[in-house]
There are 2 protein chains.
Amino acid sequence: MSRKSKGINAERDLIHKFWAVNIPSIRVAGSGSIKYPVPDVLVGTPKNKLAIECKSTKSLYQYFTFEEVKQLIEFSHLFGATPYLGVKFNNKQWIFLKPENTPKSNLHFIIKSDKTYKKALIFDDLVKTLKESF
Amino acid sequence: MSRKSKGINAERDLIHKFWAVNIPSIRVAGSGSIKYPVPDVLVGTPKNKLAIECKSTKSLYQYFTFEEVKQLIEFSHLFGATPYLGVKFNNKQWIFLKPENTPKSNLHFIIKSDKTYKKALIFDDLVKTLKESF
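Computed from a prediction, not measured in an experiment: that's the story for all the values here.

**Student:** Explain the relation of the copies chain B and chain A to me, please; I cannot follow it from the model alone.
**Tutor:** For the match of chain B to chain A, the screw axis carries a shift of 0.0 Å, the RMSD comes to 0.0 Å, and the turn is 180 degrees. Both copies of the chain, as the preceding transformation shows, are related through a two-fold rotation axis. Nearest to the rotation axis, the C-alpha of Ala29 of chain B is located 2.2 Å from it, this being the minimum over chain B. Looking at chain B, 100% of its interface residues are interface residues in chain A too, so the copies touch through the same face.

Okay, here's the thing in structure tokens:
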């Protein structure tokens, strides 16, 4: 499976999970290719919107480029959404981190499979956040 | 050009226009085909979100099915957005109507090219609405 279709499958998996609990979510068309700073997925309730850059991997770590994260933050600021980096590691559940809580090297933001992040949220945490402010 | 690609071109035209005035807008992936009630285009500023079902036509009128409009309203309610039907008639500018201001027959919602709608907005009106509440 190509990297692109793997990315799209991860996005689809995530929007199905949100709709399953009646929270509207959409995949953004052309998110990896168009010239505008757009996220992969948008999720929202009337009071709370999340913009998510999401990736799935069979590796033990996942990178996000500075450019991806910069664009995610820019979109979120203009649109009025909270930015999150979402990763689905193989055989684990989705985890979500705000960019400011995500470790980075000189080259990338990095989320590791075997590490516990104090500020990471799981899917149910995001749902709670969204529903509390509904 | 297929009906589907014509629809996508209309959506692209619209999002370029919004980004040109620095307002974030996105096309929703799979909007015509997936099982969830999603709009074609989402536009937003921190205080104001619009969900738009958009079509372009060379005909003198444009239909929207009851199902399309129902889904647009449902999404808008859950997500927290104002629903609009947008039409680009040939050689005219985009016009936008809220569903409740759009005439309908027994079969469809209908917007006509040669008619003046008191509550129709043009693109600049939408921008004003979005920027006023920024």
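**Student:** Sorry if this is basic, but what is going on with unusual backbone geometry here?
**Tutor:** Peptide bonds are, in most cases, trans, and in most cases residues other than glycine have a negative phi. One non-glycine residue, Asn91 of chain A, adopts positive backbone phi at about 60 degrees. Of note in this structure, Asn22 of chain B is not a glycine but carries a positive phi near 65 degrees. Residue position: Asn22 of chain B is located in the loop between α1 (3–20) and β1 (25–27). According to the relative accessible area criterion, Asn22 of chain B is partly exposed, its value standing at 48%.

**Student:** Where do I start with helix α3 (residues 123–132) of chain A in this structure?
**Tutor:** Three- or four-residue spacings in an α-helix give side chains the same orientation, since the helix completes a turn every 3.6 residues. Residue and element names in this part refer to chain A. Within α3, burial applies to Phe123, Leu126, Val127 and Leu130. All buried residues of α3 lie within an arc of 100 degrees about the axis, which places them on one face of the element. Exposed side of α3, more than 90 degrees from the buried face: Asp124, Lys128 and Glu132 are the residues found there.

**Student:** When you look at the packing of aromatic side chains in this model, what are you seeing that I'm missing?
**Tutor:** Here a ring pair, both rings aromatic, is described through the centre-centre distance and the interplanar angle of the planes. Enumeration over the complete set of coordinates arrives at 12 aromatic pairs over all chains. For the pair Tyr61 of chain A and Tyr63 of chain A, a centre-to-centre distance of 5.5 Å together with 45 degrees between the ring planes defines the contact as tilted. Classification of Tyr61 of chain A by relative accessible area gives partly exposed; the value is 41%. On the basis of relative accessible area, Tyr63 of chain A is assigned to the partly exposed category, the value being 37%. Here the aromatic rings of Phe75 of chain B and Phe79 of chain B are separated by 5.1 Å at their centres, their planes lie at 20 degrees, and the arrangement is stacked.

**Student:** What should I look at first to understand the interface of chain B and chain A in this one?
**Tutor:** The extent of an interface is frequently quoted as the accessible surface area lost upon association of the parts. Counting from both sides, the interface comprises 26 residues of chain B and, opposite them, 26 residues of chain A. At the boundary of chain B with chain A, total buried surface from both sides reaches about 2200 Å², with 77% on carbon and sulfur atoms. A per-residue breakdown of the area chain B buries against chain A is headed by Trp19, Leu78 and Phe79 of chain B, which together make up 30% of the total. Scanning the region where chain B abuts chain A turns up 0 salt bridges. The class makeup of the residues in the side of chain B that touches chain A is 16 nonpolar, 7 polar and 3 charged.

**Student:** How should I be thinking about the pattern of salt bridges in this particular structure?
**Tutor:** Two side chains that carry opposite charge are able to pair once their charged atoms sit near each other. Residues and elements named next belong to chain A. Enumeration over the complete set of coordinates arrives at 4 salt bridges over all chains. A salt bridge links Glu11 to Arg27; the shortest N-O distance between them is 3.3 Å. Taken together, the residues Glu11 in helix α1 (residues 3–20) and Arg27 in strand β1 (residues 25–27) connect sequence positions 16 residues apart. Overall, Glu11 belongs to the buried group, its relative accessible area being 7%. In this structure, Lys55 engages Glu68 in a salt bridge whose closest nitrogen and oxygen atoms are separated by 2.7 Å. Here the residue Lys55 occupies a position in strand β3 (residues 48–57), and Glu68 occupies one in helix α2 (residues 66–79), the gap between them amounting to 13 residues.

**Student:** Explain the environment of Ala29 of chain A here, please?
**Tutor:** Examined against the element boundaries, Ala29 of chain A turns out to sit in the loop between β1 and β2 (41–45). Taking the C-alpha atoms as reference, Ala29 of chain A lies 8.1 Å from Asp40 of chain A; in sequence the two are 11 residues apart. If sequence neighbours within four positions are ignored, Ala29 of chain A has contacts with Ile34 of chain A together with Arg27, Val28 and Ala29 of chain B.

The rules we used
Residues numbered from 1 in each chain as written. Chains lettered and ligands numbered in written order. Predicted model: local features only at pLDDT ≥ 70, side-chain atom pairs only at ≥ 80, totals over all residues. Heavy atoms only, no water. Least-squares fit on C-alpha atoms with pLDDT ≥ 70 in both. Contact = heavy atoms within 4.5 Å. Helix = DSSP H or I, 4+ residues; strand = E, 2+ residues; numbered from the N terminus. Buried < 20%, exposed > 50% of the residue type's maximum accessible area, 1.4 Å probe, protein only. Arc of directions from axis to C-beta. Phe/Tyr/Trp six-rings, centres within 6.5 Å; stacked < 30°, edge-to-face > 60°. Buried area = accessible area lost by both parts, 1.4 Å probe. Salt bridge = Lys/Arg side-chain N within 4 Å of Asp/Glu carboxyl O. Nonpolar A, V, L, I, M, F, W, Y, C, P; charged D, E, K, R; others polar.

These figures come from the coordinates and say nothing about function on their own.
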